[in-house]
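Now for the letters of each chain:
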Amino acid sequence: MYDGVGIILCIFLVVMVTAISDYKQSLQFRDLDKEKRNIFVHVTRNRNRQKVAICDLVVGDIVNLSMGDQVPADGLYISGYSLAIDESSLSGESDLVIKEKERPFLLSGTKVQDGSGIMLVTSVVTILVVAVPEGLPLAVTLSLAFAMKKLMNDRALVRHLSACETMGSASCICTDKTGTLTTNHMVVTKIWTCGEEKRVENNRPGNPLSSSISEKVTKTLMHAIFLNTGAEVVKGKDGKTEILGSPTETALLELGLLFQRDFRAQRKEAKTINVEPFNSVKKKMSVLVMLPGGSLRAFLKGASEVILGLCDKILGKDGDSVPMSEEQRKHITNVINGFACEALRTICLAFKDADKTSEESIPENNYTLIAVVGIKDPVRPGVKEAVKTCLAAGIVVRMVTGDNINTAKAIAKECGILTDDGIAIEGSDFRDKSTQEMKELIPKLQVMARSLPMDKHKLVTILRKECNEVVAVTGDGTNDAPALHEADIGLAMGIAGTEVAKESADVVIMDDNFTTIVTVAKWGRSVYINIQKFVQFQLTVNIVALMTNFFSACIAGSAPLTAVQLLWVNMIMDTLGALALATEPPHDGLMKQPPLKERALHYKYHVEKYSWSEYLSVDCAWSTRV
């Protein structure tokens, strides 16, 4: 009975340890799933616009949808411009394009884009049980789950379990600039208008510019800021003014509010006729409005070079439009480059009086340039040290941004990304090159500016398939989804990122901080090392136990270890060994070694989005053969 009771007790202990471990992991996954569903939207409630969680929506709330948002509840479409809904998750249809006069019913969940005969059998079964490392899946799952829990505390939400380990093999990180390398808290510090460059004094309400401008110019500038925006100025619960919108929009509205202009009064002065939201491909945003006198006027803003190319006039000091000469165009280009070299994001504002005969369409060219705005977005504390850590770990950091190339180069140098022998290129030049030319360029490529989402996707594809790199990519916009999916590890931004980007990513960086990405890489390497330690421990015990029994049986005719003893050795090795070795935290020394050559080991040649650890969890016998 001792053997029988011993075996039953052994099995009971193994099952209990595994069950408790699985239960704790299920609780962790439940918390992670709850965090993933913690989505915020902008709503109008009691005539005030505010930001609330989707679980806090009540009947009567008016939801303000933006590009990439998820429709949080079933409801009636009220009004909007150029709205397209992806209903593929419910109906199989890819897009539902809605016109202004339609009133369809939107569905919740859609997105805005593992005897002697008896003694002989017992010995054979025992040897097989000992030989097969049942504890390996436990160790793998424990290590990954432990890393996921710790990363959650470090502001990284792991959506796919295998991403923990895969990130440890990353040899290249393609990162955005705004909000990831920088603070994403933008402030207008310089403005060029009426032929003069002026400093913005943020501590001087009423007259924030270093030199005054005429009332007519001020009015046109305020219209360009307040009427052509997707942001909203609201009163918070404490009575203070709060701006809901993107950081760039917020910076422009803060400039407008410095002139002590009433946002709502400015908005009521004109009736909105048509809106073209900001598009990352066209890099501009426009609106057509009807002014109090009944005349139509279009306002345009966006990437400085793009907007300047659509202008043939500039705003004079008296507030009237005057033709733009080639000399003036060159001077404005120099102003833009000067702002950019100071690491300022440059935005141009323009307007055009439209013809009433084309009431619905927004003009495409022949605009009057109002101003060039320089926006400061400081580099995040700790980013330079994080980039240095990546380089020491053999991870190449590349900046991929939609900003002006001079702005991108200035920020990249400040972060330590762009070196003296590095190359900075614009997206248009990159996409015109052949695959072979790209492959030759990439080893020295460190900055890609004025890039489109398709440029980022192409870069990731070439890095993975032609250069054999393990690539991590950051993204926040809806159009970043293809690049996030194509990468080995997709990293979406938790604050600035759209729901579409988060759904396409493997990891969500909750604080949008590049330093957190480095932390994910460190934990990824720790997972691999912990699994490696457990395998080494198992192999040592397996080989010693099995070889001792085998040679003793061959020489002496009997094994020194009984079946029960072998099972107890196996239990201690599998369960306690897994618990001890799989939960060892990372140390700084891990980031002083080159990345693991994952691509030579496993999954991307065969199966998309599966890792070595997941294969090990499928079949213990298979992992034994490996």
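Since this is a predicted model, take the numbers as computed values, not measurements.

*Asks:* What is the right way to look at the overall build of the protein chain in this model?
*Replies:* The helix and strand tally for the protein chain stands at 22 helices and 27 strands. Within the span of the protein chain, comprising 626 residues, buried residues form 49% of the whole. Accessible surface computed for the protein chain: about 29,600 Å², of which carbon and sulfur atoms make up 56%.

*Asks:* Looking at this model, I keep getting lost on the pattern of salt bridges. Mind explaining?
*Replies:* Oppositely charged side chains are able to pair whenever their charged atoms sit close together. Tallied over the entire structure, the rule returns 27 salt bridges. Between Asp176 and Lys456 there is a salt bridge, with the nearest N and O atoms lying 2.9 Å from each other. On the criterion of sequence distance, the pair formed by Asp176 in the loop between strand 10 (172-175) and strand 11 (187-193) and Lys456 in helix 15 (residues 453-465) is long-range, its members being 280 residues apart. Both residues of the pair, Asp176 and Lys456, belong to the buried class. With a shortest N-O distance of 2.7 Å, Asp353 and Arg297 are connected by a salt bridge. Within this pair, whereas Asp353 is found in strand 20 (residues 344-354), its partner Arg297 is found in strand 17 (residues 296-303), the two being separated by 56 residues in sequence. For Asp353, a relative accessible area of 45% corresponds to the partly exposed category. A relative accessible area of 15% places Arg297 in the buried class.

*Asks:* How should I be thinking about the sheet that holds strand 3 (residues 62-64) in this particular structure?
*Replies:* Two strands in a sheet stick together by hydrogen bonds in their backbones, pointing the same way (parallel) or opposite ways (antiparallel). The three strands are arranged 2-1-3 in an open sheet whose pairing can be described as antiparallel. The two strands at the open ends of the sheet, each matched to only one other strand, are strand 2 (48-53) and strand 3. For this sheet the average axis-to-axis angle between neighbouring strands, irrespective of direction, equals 40 degrees. Alignment of strand 1 (residues 40-45) against strand 2, held across six bridges, turns out to be antiparallel. Each bridged residue has a counterpart across the sheet, and for Thr44 the counterpart in strand 2 is Arg49.

*Asks:* What am I meant to see in helix 12 (residues 405-415) here?
*Replies:* An α-helical turn contains 3.6 residues, so any two residues separated by three or four positions project in the same direction. Burial of helix 12 is extensive: eight of the eleven residues sit out of reach of the surface. Buried-residue contacts for helix 12 involve helix 10 (326-341), strand 20, helix 11 (383-392), strand 22 (396-400), strand 23 (423-426) and strand 24 (445-449). The N-capping residue of helix 12, defined by a side-chain oxygen 2.7 Å from the backbone nitrogen of Asn406, is Asn404. Immediately beyond the C-terminal end of helix 12, within one or two residues, lies Gly416, with a positive phi of roughly 90 degrees.

*Asks:* I would appreciate a short explanation of the sheet that holds strand 22 in the present structure.
*Replies:* The sheet built from eight strands is open, its strands ordered 9-27-26-25-10-22-24-23 with mixed pairing. Two strands lie at the open edges of the sheet, namely strand 9 (156-158) and strand 23, each paired on one side alone. Averaged over all neighbouring strand pairs, the angle between strand axes comes to 20 degrees, with direction disregarded. Both strand 26 (residues 489-493) and strand 27 (residues 507-509) contribute to a ladder of three bridges, which runs parallel. If you follow Met493 over to strand 27, its bridge partner there is Ile509. Against the sheet, helix 15 touches strand 10, strand 22, strand 24 and strand 25 (471-475), its axis set at about 170 degrees to strand 25.

*Asks:* Mind showing me how you'd approach the side chain of Thr193 here?
*Replies:* Mapped onto the fold, Thr193 is located in strand 11. Ignoring anything within four residues of it in the chain, the contact list for Thr193 reads Lys198, Ile213, Val217, Ile370 and Ala371.

*Asks:* Would you take a moment to explain a nonpolar patch on the surface for this structure?
*Replies:* A surface patch of nonpolar side chains, amounting to about 650 Å² of accessible area, comprises Leu539, Ile543, Met547, Phe550, Phe551 and Ile555. Position of Phe551 among the secondary structure elements: in helix 18 (residues 514-555).

Definitions and cut-offs
- Residues numbered from 1 in each chain as written.
- Predicted model: local features only at pLDDT ≥ 70, side-chain atom pairs only at ≥ 80, totals over all residues.
- Heavy atoms only, no water.
- Helix = DSSP H or I, 4+ residues; strand = E, 2+ residues; numbered from the N terminus.
- Buried < 20%, exposed > 50% of the residue type's maximum accessible area, 1.4 Å probe, protein only.
- Areas by Shrake-Rupley, 256 points an atom, 1.4 Å probe, with all protein chains shown as cover.
- Salt bridge = Lys/Arg side-chain N within 4 Å of Asp/Glu carboxyl O.
- Pairing = 2+ DSSP bridges.
- Axes fitted to C-alpha atoms, helices over the stretch in contact; angles between N-to-C directions.
- Contact = heavy atoms within 4.5 Å.
- Polar contact = N/O pair within 3.5 Å; in protein donor to acceptor, adjacent residues only side chain to side chain.
- Patch = residues over 30% accessible without salt bridge, like charges linked within 9 Å, V, L, I, M, F, W, Y side chains within 5 Å.

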